[in-house]
Amino acid sequence: MELRTLLAFGSGVGIEIGDSDLAVILSHVRPAGVRVAASTVIRNFRERPAGEWGTEYSRFLRQQGAGHLAAAVVVPKREVIVRQIALPGVSARDFGAAVGYQAETLHPYGDDDVAVGWQRLSDKGAALIGIIRRATLDAYMEKFAEAGVAVASFTFSAAVAHGALRLYAEPPAAGLLATIPAENGAIEVYGESPARPVFSAQFDLPAARAISMAAAELRLPPDIAAVRLDQILPPPVSGAIDFPRSAMPYAASLAGACPRLAAAANLLPEEKRGANSRMVFVPTAILAALVLLVAGAVFGYSRIEERRYLAILEAESAKLQPQVKKIAALDKATERARARVRLLDEFRGRSKYDLDTLNELTRLLAPPVWVSSTELNRDAVVLAGEADQAAPLLKLIDSSPYFKESGFQIPIVKAAKSEMFRIRALRRPR
């Protein structure tokens with residue numbers, strides 16, 4: 001028996017949120033198989049008072065001796081956007097933050113607040129992400145809290161299917177294609193392939209057409225046989241289930257029972273997640289301790305060698321530090337030189353532009369206009385002089401590509417046969 005099978009130990013409650021009802025399944029996971037303890041359907045939960053259906057749910061758990069369990073809740077597919085991303089090379093410590101940065105670009109909700117749940121699909125950095133509007137999640141959280149239902153996770157169909165299929169063993173590497181019946185006549189298709197770790201989509205199409213489109217998306221053979229999801233989930237060794245309608249709450253109960261082996265992305269903030277009794281993990285903890293002892297004995301020598309190698313690397317690094325500092329100093333000197341060159345180029349270009357500006361003024365203010373003084377700076381030019389008619393000069397100056405927003409600094413002064421003016425105009429940028 002594989003170690004993975006020996007660690008399969010726990011109890012979980014799975015709830016699927018439907019259009020009007022809640023489908024609930026309680027499962028006990030053991031190395032020998034899954035035992036379905038009980039199942040129920042809570043009718044019309046959206047319209048009934050939360051305290052009423054919450055009492056019904058609590059009574060169901062107490063009758064099975066499972067009142068301490070927190071549920072794994074599957075929200076409707078239409079309310080969750082499912083995406084996949086690849087973050088190769090990102091460490092496990094930084095993976096969550098990297099997913100958070102990426103999630104902002106993966107949904108169409110704009111500035112609306114969202115909640116994100118994710119799970120790693122492979123060691124190569126692939127991740128499955130679920131995104132839901134924060135308002136939608138808060139509404140469910142409030143409703144379940146009002147009903148007194150302890151919730152360990154709000155998740156989605158692709159996440160629980162991916163996790164439950166790996167409870168006892170890994171699925172076939174060649175890929176798989178499964179259908180999940182949905183309400184209102186729709187069909188959800190779930191698949192995995194070497195080309196794409198996970199695919200999940202809901203179709204309002206005939207089943208054959210939906211399966212064909214999913215196979216093409218997964219790069220699977222077009223003649224691949226699709227099965228119902230319940231046919232490839234770990235089968236219960238005891239207990240009756242209404243398959244295929246109950247496949248999703250059953251998968252959620254497996255994910256809730258063994259969150260380590262059947263990990264499913266959790267949309268619920270960590271501080272608001274309920275916890276199951278830790279006593280069910282005592283056998284797992286004992287086995288894990290034994291495994292750690294064996295691993296410590298096997299890899300102890302390797303750890304010593306790693307430390308010795310690290311010490312050698314640190315010593316070599318210390319030897320190279322003077323050279324590194326010299327290179328850094330050269331980089332700074334090079335950057336200062338580049339800055340000086342840029343400054344000289346800027347002054348050179350400014351001088352040419354000033355000359356071009358004066359040439360433009362000479363062209364615009366041709367005789368009989370007489371300019372007695374010119375003040376030129378980087379932003380503006382101030383002209384004083386005489387002309388037969390000073391008023392048209394503003395329009396003439398503004399027509400130039402060198403000037404804009406010209407105006408008289410003082411009123412026009414009439415002389416014997418001319419008008420004296422003082423004009424200020426802004427210079428247009430180069």
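Note that the structure is predicted; figures quoted are calculated from it, not measured.

Q: Just to check I follow, could you spell out the pattern of salt bridges for this structure?
A: Taken as a whole and assessed by the stated rule, the structure comprises 18 salt bridges. Here Arg196 makes a salt bridge to Glu217, at a shortest N to O gap of 2.6 Å. Pair noted here: Arg196 is in the loop between strand S10 (187-192) and strand S11 (199-203) and Glu217 is in helix H6 (residues 207-218), with a separation of 21 residues, a long-range link. Judged by its relative accessible area of 27%, Arg196 is partly exposed. On the accessibility criterion, Glu217 (37% relative accessible area) is partly exposed.

Q: Explain the sheet that holds strand S6 (residues 114-120) here, please?
A: Within a sheet, adjacent strands bond to each other through the backbone by hydrogen bonds, running parallel or antiparallel. With respect to topology, 3 strands assemble into an open sheet ordered S5-S7-S6, the strand pairing being antiparallel. Only two strands of the sheet have a single partner each, and these edge strands are strand S5 (81-86) and S6. The mean angle between the axes of side-by-side strands here comes to 25 degrees, regardless of whether they run parallel or antiparallel. Where S6 meets strand S7 (residues 126-133), 7 bridges bridge the pair, whose relative direction is antiparallel. Looking at the pairing, Val114 lines up with Arg133 of S7. Sitting on the sheet, helix H3 (residues 92-103) is in contact with S5, S6 and S7, with an inclination near 135 degrees to S6.

Q: Looking at this structure, I do not really get the packing of helix H5 (residues 157-164) against helix H7 (residues 247-257). What am I missing?
A: A pair of packed helices is captured by two measures, namely the crossing angle of their axes and the spacing between those axes. In contact at an axis separation of 8 Å, H5 and H7 are set at 60 degrees when each is read in the N-to-C sense. It follows from the interaxial angle that H5 and H7 lie oblique. Where H5 crosses over H7, the handedness of that crossing is left-handed. Contacts from Ser157, Val160 and Ala164 of H5 reach H7 at Met248, Ala251, Ala252 and Leu254. Broken down by class, the residue content of the contact of H5 with H7 amounts to 6 nonpolar, 1 polar and no charged.

Rules and cut-offs
- Residues numbered from 1 in each chain as written.
- Predicted model: local features only at pLDDT ≥ 70, side-chain atom pairs only at ≥ 80, totals over all residues.
- Heavy atoms only, no water.
- Salt bridge = Lys/Arg side-chain N within 4 Å of Asp/Glu carboxyl O.
- Helix = DSSP H or I, 4+ residues; strand = E, 2+ residues; numbered from the N terminus.
- Buried < 20%, exposed > 50% of the residue type's maximum accessible area, 1.4 Å probe, protein only.
- Pairing = 2+ DSSP bridges.
- Axes fitted to C-alpha atoms, helices over the stretch in contact; angles between N-to-C directions.
- Contact = heavy atoms within 4.5 Å.
- Parallel < 35°, antiparallel > 145°, perpendicular 65-115°, else oblique.
- Left-handed = near helix turned anticlockwise from the far one by under 90°.
- Nonpolar A, V, L, I, M, F, W, Y, C, P; charged D, E, K, R; others polar.

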